[in-house]
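Single-letter residue listing:
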Amino acid sequence: MHTPAQEIIRFGDFEVGLRSGELHRNGLRVKLQIQPFQLLCALLERAGDVVTREELQRRIWSADTFVDFNQGLNNAVKKLREALGDDAESPRLIETLSKRGYRFIGAVQESANTLPVIHGPAARAVEDSIAVLPFTSMSADPSDEFFADGMTEEIINALAQIEQLHVVARTSAFSFKGKYIDVRAIGRQLNVRTVLQGSVRRAGNELRITAQLVNVEDGYHLWADRFDREVKDIFEIQDEIARSIAERLKITLKAGDQERLVTAETSTLESYQLYVKGRELLYRRGGVISRAAECFEREIALDPDYALAWAGLADSKTVLGYYGFARPEANTHQALEAARRAVTLGPSLAEARNALAMASLMGAWDRTTAEREFLHAIELNPSYPQARDWYALFFLQFSEGRLEEGVEQAKLALKADPLSSYAHGVYGLTCGNAGRRLEAVQACQRSVELDSESFLSQMLLQLVLHMDGRLEESVAAGETALSMSGRLAWSMAFLAVTYGKWGKTEQADALYSEMVARARRQYVPPAQLAMAAAAASRESDALRHASEAFAVRDPDCQFFFSRHLPFTEPLYAYPRFCDLLVRNGRSDWLRAGK
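Here we summarise the structure given alongside this text. Small disclaimer: the values here were computed from a predicted structure and weren't measured.

### A closer look at empty space enclosed by the protein
One pass over the full model with this rule turns up three cavities of 30 Å³ or more. Estimates place the volume of the largest cavity at around 200 Å³. Lining the largest cavity are 18 residues; nearest its centre among them are Leu-393, Phe-394, Leu-456, Leu-460 and Trp-490. At the level of secondary structure, the elements contributing two or more residues to the lining of the largest cavity comprise α10 (307-323), α14 (385-399), α16 (421-433), α18 (455-467) and α20 (489-501). Of the residues contributing to the lining of the largest cavity, the split by class is 17 nonpolar, no polar and one charged. What the second largest cavity holds in volume is close to 50 Å³. Together, Lys-317, Thr-318, Gly-321, Asn-331, Thr-332, Ala-335, Met-358, Ala-359, Met-362, Gly-363 and Pro-555 line the second largest cavity. Of all the secondary-structure elements, those providing two or more residues to the lining of the second largest cavity are α10, α11 (328-345) and α12 (350-364). The residue inventory of the lining of the second largest cavity, partitioned by class, reads five nonpolar, five polar and one charged.

Dropping the structure here:
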């Protein structure tokens, strides 16, 4: 019988992932529908004991499900046996007890997850806490999935405004999208006491939304409702759901929240849908960021007063800039103007304040405005992990050298978003910058585990392994990141530094030469070229690129040249580079190394 702490259960050739909601056989995934998987989990929880048909009915088929239970259970058992290759007449795994129920009779091995979650929430669930799982789109049109995701995110943001309520951030909640995992397991993983589930069905102008608030301790519904409305009422429905949850949890709303928790920022439904799609693309990072910017630009054309759209456009432009996908001369101004417009239209939106903070730091190099706006964003929404992560890493650590403060802010972001690969990766890098090498490596390994397809997770693992002196492992992670990113120049620059430190100057030079060849065809940030040139011991080239970076105000100067990123050591060995820092107002970075 498995205990709540176990996340993987093995029997024979099979492995059941309670976290992933998946069944594997000899490492290969076995396709299994939700109800057969629920049935398997129920039997494994009490392996060797009889689980009655009545218990299975309560567990898998809720009271408001109108199906023939006997037929449903028989079909689920049949499909489960087919997936396991088991025989009802001569069972090896699932035994039928006539008119009573079923029993799992196989030998069970249990395995806990050996990679710890670094500095996530406390082991005990917060008294008033909730995870809003992605609402399921029941519509035939695949594009309506963005609509359902946007509704989920709006409810998360609305609930986050309630001071007494701990709300799990979007990335962690969305890690369960498309998976069946028992709500009790979700409660354990996220350390919450309640989970909100729901579905959205859209047909033309008609909308049906169902929502259920579930107590994770016993799986019972605390509240449920169905909303049959027109699509134009979407913001009212979101507000009603948020208020119903607060009422059911007996949370008193503060005076400012008495009127509305969800405000219709736009009256144009098409703008809202474009915003949702743009944000989803922006979360993915990489090459799709330009598509996110296009979505936000189309929204603004439809509704020029949509503050969230301006904030999204500002973030897109800022990220395009520091990834090196856009030249700074025009892009920086566009990011700043969009952020300022967002704050003018929505001064109480954390997204707007955060957008202005990052645009000010990376584009205008205005550290005073950046800190003020970061703190304002966090005050408006303490559970907004992007604000805390950007404040922690880019401002507190890279810009100001306040390394321990950066670690603490990244830890708070991780507490709000405990299953976010990005949050673990940023926390790991802040730990590495602060000299906490073991914690750094563990957190970045966890980041890779949570999203093995993210080049950014692999690259951050490379950085902290480099800091820990594990250069061969660092190169391996860096080569993986480079391949996954499509040979992003960012990744090449960091990998060149690791090769250089390892004494493999030839490999570092090959990467630098590849970047130079690319720069003849397209824009490559000069700060990245400077770092790679220094790694290849090309002093004159490094200084030329660094001078150009300052001349064009390359956003990457804010961290590729920071003394608080260990990868800049080769550049700081050049006295003329140090002179450049003084001339460009960053003599504080020189003092940090003394």
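Read on for the rest.
### Regarding the packing of aromatic side chains
In the structure shown here, the tally under the stated rule is 22 aromatic pairs. Centre to centre, the rings of Phe-11 and Phe-14 are 5.4 Å apart; their planes meet at 25°, and the pair counts as stacked. Both residues of the pair, Phe-11 and Phe-14, count as buried. Both rings, one in Tyr-323 and one in Phe-455, keep their centres 6.4 Å apart while their planes meet at 75°; by these two values the pair is edge-to-face. Of the two residues, Tyr-323 sits in helix α10 while Phe-455 sits in helix α18, which places them 132 residues apart along the sequence. Here the two residues Tyr-323 and Phe-455 agree in accessibility, since each one is buried. Connected via pairs of aromatic rings, a cluster forms that spans Tyr-322, Tyr-323, Phe-325, Phe-394, Phe-398, Phe-455, Trp-490, Phe-494, Phe-559, Phe-560 and Phe-567. The ring of Phe-174 has Arg-170 sitting right over it, with the charged end atom 4.1 Å from the ring centre. The cationic tip of Arg-553 hangs over the ring face of Trp-365; the distance from NZ or CZ to the ring centre is 4.1 Å.

### A short note on the side chain of Ser-421
In this structure, Ser-421 sits in helix α16. The class of Ser-421 is buried, set by a relative accessible area of 9%. For Ser-421, the residues in contact, after removing those within four places along its chain, are Ser-447, Leu-450, Asp-451 and Ser-457.

### Examining the pairing of strand β6 (residues 94-97)
In summary, the side chains of a regular strand alternate between the two faces of the sheet. In terms of strand pairing, β6 meets strand β7 (residues 101-104) through four bridges, oriented antiparallel. Of the residues in β7, the one forming a bridge with Thr-96 is Tyr-102. Turn length for the β6-β7 hairpin, with the two strands adjacent in sequence and antiparallel, is three residues, and the turn residue Lys-99 shows positive phi of about 65°.

### Structural notes on the environment of Leu-165
Relative to the elements of secondary structure, Leu-165 occurs in the loop between α4 (144-160) and β11 (166-167). Given the relative accessible area of 5%, Leu-165 is considered buried. Along the chain, Leu-165 and Asp-128 lie 37 residues apart, while their C-alpha atoms are 5.2 Å from each other.

### Some details on the nonpolar core
If you look at the biggest cluster of nonpolar residues, it comprises 124 residues, and the most contacted ones within it are Tyr-322, Phe-394, Trp-490 and Phe-561. Discounting residues that sit within four places of it in the chain, Phe-394 has contacts with Tyr-322, Met-358, Leu-361, Met-362, Asp-389, Ser-399 and Phe-559. Formed by 32 residues, the second largest nonpolar core is a distinct cluster that contains Ala-158, Ile-209, Ile-237 and Ala-242.

### A closer look at the packing of helix α13 (residues 367-380) against α14
Running from N to C, α13 and α14 cross one another at 150°; their axes reach a closest spacing of 10 Å. In terms of their interaxial angle, α13 and α14 are classed as roughly antiparallel. The two elements α13 and α14 meet at a crossing, and its hand is left-handed. Counting all contacts with α13, which are made through Arg-367, Ala-370, Glu-371, Phe-374, Leu-375, Ala-377 and Ile-378, the residues of α14 involved are Ala-387, Arg-388, Trp-390, Tyr-391, Phe-395 and Ser-399.

### Digging into the state of the cysteines
This structure, assessed with the given rule, holds zero disulfides. Residue Cys-444 stays outside any disulfide, its sulfur separated by 8.5 Å from that of Cys-431, the closest cysteine.

### Side note on helix α26 (residues 575-583)
Working note: α-helix, 3.6 residues per turn, so residues spaced by three or four point in the same direction. Here α26 has its buried residues at Phe-577, Cys-578, Leu-580 and Leu-581. Taken end-on, α26 shows its buried residues confined to a sector of 150°, consistent with a single buried face. Turned more than 90 degrees off the buried face of α26, the exposed positions are Pro-575, Arg-576 and Arg-583. After α26 finishes, the residue Gly-585 shows a positive phi value of roughly 80°.

So, how was this worked out
- Residues numbered from 1 in each chain as written.
- Predicted model: local features only at pLDDT ≥ 70, side-chain atom pairs only at ≥ 80, totals over all residues.
- Heavy atoms only, no water.
- 1 Å grid on protein atoms, 1.4 Å probe; cavity = no way out; pocket = protein on both sides within 12 Å on 5 of 7 lines; lining within 4 Å.
- Points joined across faces, edges and corners; volume = space filled by probe spheres on them.
- Helix = DSSP H or I, 4+ residues; strand = E, 2+ residues; numbered from the N terminus.
- Nonpolar A, V, L, I, M, F, W, Y, C, P; charged D, E, K, R; others polar.
- Phe/Tyr/Trp six-rings, centres within 6.5 Å; stacked < 30°, edge-to-face > 60°.
- Buried < 20%, exposed > 50% of the residue type's maximum accessible area, 1.4 Å probe, protein only.
- Lys NZ or Arg CZ within 6 Å of the ring centre and 35° of its normal.
- Contact = heavy atoms within 4.5 Å.
- Pairing = 2+ DSSP bridges.
- Core = buried A, V, L, I, M, F, W, Y, C linked by side-chain atoms within 4.5 Å.
- Axes fitted to C-alpha atoms, helices over the stretch in contact; angles between N-to-C directions.
- Parallel < 35°, antiparallel > 145°, perpendicular 65-115°, else oblique.
- Left-handed = near helix turned anticlockwise from the far one by under 90°.
- Disulfide = S-S within 2.5 Å.
- Arc of directions from axis to C-beta.

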